[in-house]
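Coordinate analysis (summary)
Below, each chain spelled out in residue letters.
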Amino acid sequence: MPHYDGPLLTRDIAAALGAARDAGQDGWSGSLDLGRSHAQVKLAPTHWRWREHEFPYPDRLKDRTIHYWDGEHFVPASRYGRALYKLVPTDWGAPTFEIDGIKMLPTAKVSPFEDARAKVALVEPRGRRVLDTCGGLGYFAACCLEAGAARIDSFEKSEDVLWLRTLNPWSPDPDAPQHEGRLQLRHGDVSQQIAQLPAAAYDAILHDPPRFGIAGELYSQAFYDQLARVLRRGGRLFHYTGMPNRLTSGRDVPREVSRRLEKAGFQARLALDGVLAKRR
């Protein structure tokens, strides 16, 4: 799907545009792509102009919501599939997303993009072939591209998440010329498609599954055995687990994951908010 290249508004940005107009200013300077670049906007009483296109001042926008131009109105970057999928602004520029109100990326203390960069660094992707099992908004893939990975094969099961990626300027576009075809994004369920991947095809794996209660198959021994099969000996895997409260969940998910990975043929240890493992 082609990536959106129009303006993105939050309630704060729309308010800033309106305030500049009301103050009699003929221009406004700021970001219309969630902090990726800086824009110069010309202001008129009834509309504002950016990149040779005119847009109306929007009515009151929703809080905690990113809005895009659909050709007639600024509308929320959200839609219903099997659930409500929504792109959500953060204080860091790079957005997170929610599924039925459940936030899918950490944002409280760090940018979700910087969080992804720290995790990607653990698998040292430069010059390597990387499997990105659960692509999400593509931050792992973007950081692998940034770090010089030779190739990234990324799977994403949800068509709605793939649609959110086309609106998000922080999500890498596989067709962008600067990526030189290194990112291959596949719409598919990795738990089913991994069996079709060749043995020892990858030098590194990034595994960022939904929580156990939603996608238990991505924490199964059978799936970990497949991860070991497609990763070359000595290759690294980072598995995001989060840090669920054992007192409320009754489980120690990171250590359960470590034990299963060890059984599959990895050496595993806890790292950041997940497990770092090396294929034996």
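The structure contained in this document is the topic of the report that follows.

Calculation notes
- Residues numbered from 1 in each chain as written.
- Predicted model: local features only at pLDDT ≥ 70, side-chain atom pairs only at ≥ 80, totals over all residues.
- Heavy atoms only, no water.
- Helix = DSSP H or I, 4+ residues; strand = E, 2+ residues; numbered from the N terminus.
- Rg over C-alpha atoms; globule rule 2.2 N^0.38 Å.
- Buried < 20%, exposed > 50% of the residue type's maximum accessible area, 1.4 Å probe, protein only.
- Contact = heavy atoms within 4.5 Å.
- Phe/Tyr/Trp six-rings, centres within 6.5 Å; stacked < 30°, edge-to-face > 60°.
- Lys NZ or Arg CZ within 6 Å of the ring centre and 35° of its normal.
- Arc of directions from axis to C-beta.
- Polar contact = N/O pair within 3.5 Å; in protein donor to acceptor, adjacent residues only side chain to side chain.
- Lys, Arg positive; Asp, Glu negative; His and termini not counted.
- Salt bridge = Lys/Arg side-chain N within 4 Å of Asp/Glu carboxyl O.
- Disulfide = S-S within 2.5 Å.
- Pairing = 2+ DSSP bridges.

With that settled, consider the overall build of the chain. When you go through the chain residue by residue, the secondary structure sums to 8 helices and 18 strands. Rg of the C-alpha trace for the chain: 21 Å, near the compact-globule value of 19 Å for 280 residues, within the 12% margin. Put simply, the chain has 280 residues, and 50% of those count as buried. Once local pairs closer than 6 in sequence are excluded, the contacts in the chain between residues at least 24 apart make up 58%.

All right, on to the packing of aromatic side chains then. Applying the stated criterion across every chain, the model contains 10 aromatic pairs. For the pair Trp-69 and Phe-74, a centre-to-centre distance of 4.9 Å together with 55° between the ring planes defines the contact as tilted. Judged on exposure class, the residue Trp-69 and its partner Phe-74 are both buried. Taken together, Trp-48, Phe-55, Trp-69 and Phe-74 form an aromatic cluster joined through their ring pairs. Arg-36 extends its terminal NZ or CZ atom over the ring of Trp-170, reaching a point 4.3 Å from the ring centre. The ring centre of Phe-212 lies 4.2 Å from the NZ or CZ of Arg-251, which sits over that ring.

We now examine helix 2 (residues 112-122). If you check which residues of helix 2 are buried, you get Pro-112, Phe-113, Asp-115, Ala-116, Lys-119 and Val-120. In an axial view of helix 2, the angular spread of the buried residues amounts to 155°, which keeps them on one side of the axis. Along its buried surface, helix 2 packs onto helix 3 (139-146), strand 15 (202-207) and strand 16 (231-240). Capping of helix 2 at its N-terminal end is provided by Ser-111; its side-chain oxygen lies 3.0 Å from the backbone amide nitrogen of Phe-113.

What follows deals with the side chain of Arg-182. The topology assignment puts Arg-182 in the loop between helix 4 (159-167) and strand 14 (183-187). There is no salt bridge for the buried Arg-182, and the closest opposite charge comes from Glu-180, which lies 4.6 Å off by N-O distance. One polar contact links the side chain of Arg-182 to the main-chain carbonyl oxygen of Ala-149, over a distance of 2.8 Å. Once residues within four sequence positions are removed from consideration, Arg-182 is found in contact with Leu-145, Gly-148, Ala-149, Ala-150, Arg-151 and Ile-152.

This part covers the state of the cysteines. Per the stated rule, a full pass over the model turns up 0 disulfides. Between Cys-134, a cysteine without a disulfide, and Cys-144, which holds the nearest cysteine sulfur, the sulfur-to-sulfur distance is 14 Å. A relative accessible area of 14% places Cys-134 in the buried class. This cysteine, Cys-143, is not joined by any disulfide, and Cys-144 carries the nearest cysteine sulfur, 7.3 Å off. A relative accessible area of 2% places Cys-143 in the buried class.

Let us now look at the sheet that holds strand 7 (residues 74-76). Spatial strand order, 1-6-7: 3 strands in an open sheet with antiparallel pairing. Among the strands making up the open sheet, the edge pair consists of strand 1 (8-9) and strand 7. Pairing of strand 6 (residues 67-69) with strand 7, which is carried by 3 bridges, proceeds in the antiparallel orientation. Across the sheet, residue Trp-69 finds its bridge partner in strand 7, namely Phe-74.

Turning our attention to helix 4. Along an α-helix, residues three or four positions apart point the same way, because every turn accommodates 3.6 residues. In terms of residue burial, helix 4 counts as a mostly covered element, since 8 of its 9 residues are buried. When we look at burial in helix 4, the residues that qualify are Asp-160, Val-161, Leu-162, Trp-163, Leu-164, Arg-165, Thr-166 and Leu-167. Where helix 4 begins, the side chain of Ser-158 points an oxygen toward the backbone nitrogen of Asp-160, at a separation of 3.1 Å.

It is worth spelling out the environment of Gly-71 at this point. With respect to the helices and strands, Gly-71 occurs in the loop between strand 6 and strand 7. The sequence separation of Gly-71 and Gly-6 amounts to 65 residues, and the corresponding C-alpha distance is 9.7 Å.

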